[in-house]
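Chains, contacts and geometry: an overview
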Amino acid sequence: MSTIQHPMRFTPEGEWQEELAELQNRRNQALAMGGEQALAKLHAAGRMDVRQRISSLVDANSFQEMGCIAGKGHDDDSGHFKSLDPTNTVTGTGRIQGRKVAIHADDFSIRAGSSEATVAEKWIYIERYAHQMKMPLVRLVDSAGGSVKLLMQLGGTKIPGYPTWPANELLKTVPVVGVALGSCAGLGAIKVVSSHFSVMVKDQAQVMAAGPHVVRQAYGVEIDKNDLGGHQVQRKNAVVHNEANDEADALQQVQQFLSYMPRSIHHLAPVTECSDSPSRADDWLKDAIPKDRRKIFDPRKILKSIFDTDSVFEIGRYQGGSVITALARLNGYPVGVLINDPKVQGGAMTVQAAYKMERHVNMCSQFGLPIVNLVDQPGNATGLEAELAGTLLGATRVGQAVHDCQTPWVSIIIRRCFGMAGGMHAPKYGEALNHRYAWPSARWGSIPIEGGVMAAHKTEIESAEDPQANRLELEKFYLNLTSPFKTAEKFGILDIIDPRESRGILCEWVEDAWELVKINRLQLVERP
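In this report, the structure presented in the accompanying data block is examined. (Residues numbered from 1 in each chain as written. Predicted model: local features only at pLDDT ≥ 70, side-chain atom pairs only at ≥ 80, totals over all residues. Heavy atoms only, no water.)

This next bit is on empty space enclosed by the protein. For the structure shown, the criterion picks out three cavities of 30 Å³ or more. One number sums up the size of the largest cavity: a volume of about 100 Å³. Secondary-structure elements contributing two or more residues to the lining of the largest cavity are strand E14 (333–340), strand E15 (371–377) and helix H16 (419–423). Computed from the structure, the second largest cavity encloses a volume of approximately 60 Å³. Lining the second largest cavity are 13 residues, with Ala 30, Arg 51, Pro 86, Thr 87 and Val 90 positioned closest to its centre. Its residues assigned to classes, the lining of the second largest cavity shows seven nonpolar, two polar and four charged. (1 Å grid on protein atoms, 1.4 Å probe; cavity = no way out; pocket = protein on both sides within 12 Å on 5 of 7 lines; lining within 4 Å. Points joined across faces, edges and corners; volume = space filled by probe spheres on them. Helix = DSSP H or I, 4+ residues; strand = E, 2+ residues; numbered from the N terminus. Nonpolar A, V, L, I, M, F, W, Y, C, P; charged D, E, K, R; others polar.)

What follows concerns the sheet that holds strand E1 (residues 64–66). The mixed open sheet is built from seven strands, whose spatial order is E1-E4-E5-E6-E7-E9-E11. With one partner strand each, in any of the chains shown, E1 and strand E11 (242–244) form the two edges of the open sheet. Mean inter-strand twist for the sheet, computed between neighbouring axes without regard to direction, equals 20 degrees. As paired strands, strand E6 (residues 137–141) and strand E7 (residues 176–180) are joined by five bridges and run parallel to one another. Across the sheet, the residue bridging to Val 141 is Ala 180, located in E7. With respect to the sheet, helix H11 (residues 247–259) is in contact with strand E4 (89–96), strand E5 (99–106), E6, E7, strand E9 (197–201) and E11, its orientation differing from that of E9 by roughly 170 degrees. (Pairing = 2+ DSSP bridges. Axes fitted to C-alpha atoms, helices over the stretch in contact; angles between N-to-C directions. Contact = heavy atoms within 4.5 Å.)

Okay, the packing of helix H3 (residues 50–57) against H11 next. Contact geometry of H3 with H11 gives a least axis separation of 9 Å together with a crossing angle of 45 degrees. Viewed along their axes, H3 and H11 adopt a mutual orientation that is oblique. Of the two elements, H3 crosses H11, and the hand of that crossing is right-handed. Taken together, the residues of H11 that come into contact with H3 (itself represented by Arg 53, Ser 56 and Leu 57) are Glu 247, Leu 251, Val 254 and Gln 255. The class makeup of the residues in the contact of H3 with H11 is three nonpolar, two polar and two charged. (Parallel < 35°, antiparallel > 145°, perpendicular 65-115°, else oblique. Left-handed = near helix turned anticlockwise from the far one by under 90°.)

Shape is all these values report; function is a separate question.
Below is the structure:
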């Protein structure tokens, strides 16, 4: 694997020969990172060094480093430069698939990436640069966090915080990516989490407020760092979106995520050439939804069929699994995707799914990605656990995000759409156009028929000679009334479509949607 070389190397000569030679010497020492022994240890553990990581992320020879010789210099007795302890942060800009990004990467080979060996102004500067130049920011985080040794350098303590760090303004302006490549505690964890997309390397990275040593002192609890902040923990707490098998996989996911994103909120996301015909119609889709309502289906297979080949990029697969959130393309246009997964809690709106959906809708709205929602929503999760978790509050926040969404939205109801959660399948208020279709398999209402029949006809069913037969007869009667065709007769739904028509219809829609996105971006740029 190649490492990054400084882009310009000249032979020191002329009137400023001595100074140019010192500059080259300082650069060489910075490029040596933590030294041969530290790098050998890192590589022996199967990990890339910081410059290898950057080289793997960006296009060849595109990295332009900033602040290369920042660190702590040492002079000899006569006051001449002797050596440099480089700071453990490498910063600069590079290109990913030809598009500029800003990079802030920790160097674990120097004091385990700890902030005691960092010049904070350096990493803050590249983040300010990303904000002011309106370009995406990628943080490659491998930081053990702060150290009490920092007190010796400062000669005292400091109040926490970085007043010049535009962390929140970045999130409002440009795509921010956090990559956990080692133990990320404290500030390192914040750098990963304060992002639009985050990914961690399984069994190598951990993301946590504080490490095992701090936990032991605070609570007297012995715990392994993976049990405290590893990928299995993130699957439950949804702090980090995705997990990767290794560093190369993590960096590839960063490249893929950014391929759907605009440079900033003031720009359009890239539209790519597409060889997948918009009129492609997979015949199996006609039976994708089983007629037996007790049977489930594979939502990911449906996504692969409808969207451009190999374009579906899932975000947060193991969190809030009753809803799938993804990015994809329709005839080359980037879109945000939502679809319920009946294999997980029946596809119901849980508090975890609500948080996941809210976050995804907000991101797509912010960066001008049209949203496609394939709906199979049975309603909010019910029961004591759901109530204790505050599911209704989570669902209400989803409703707010959908209502505030500023990007074009289309829904296709493929099976169920019930209750409060079902009502949040699309924006419906103000000037929002509730553009929606349905498959013949779709059913909707204020409450699912099965539970609703028992609630409304409890006495009649229990007093019947054959309660089960009576209940089934009542369900059959009500199901006949829920035919989607009856709603279509009243234009309560735009159209009932053959599932095989879905891709073609969506590819036509996304062209119109993109024109609106262009107008919205132009208005945002012109806004004072």
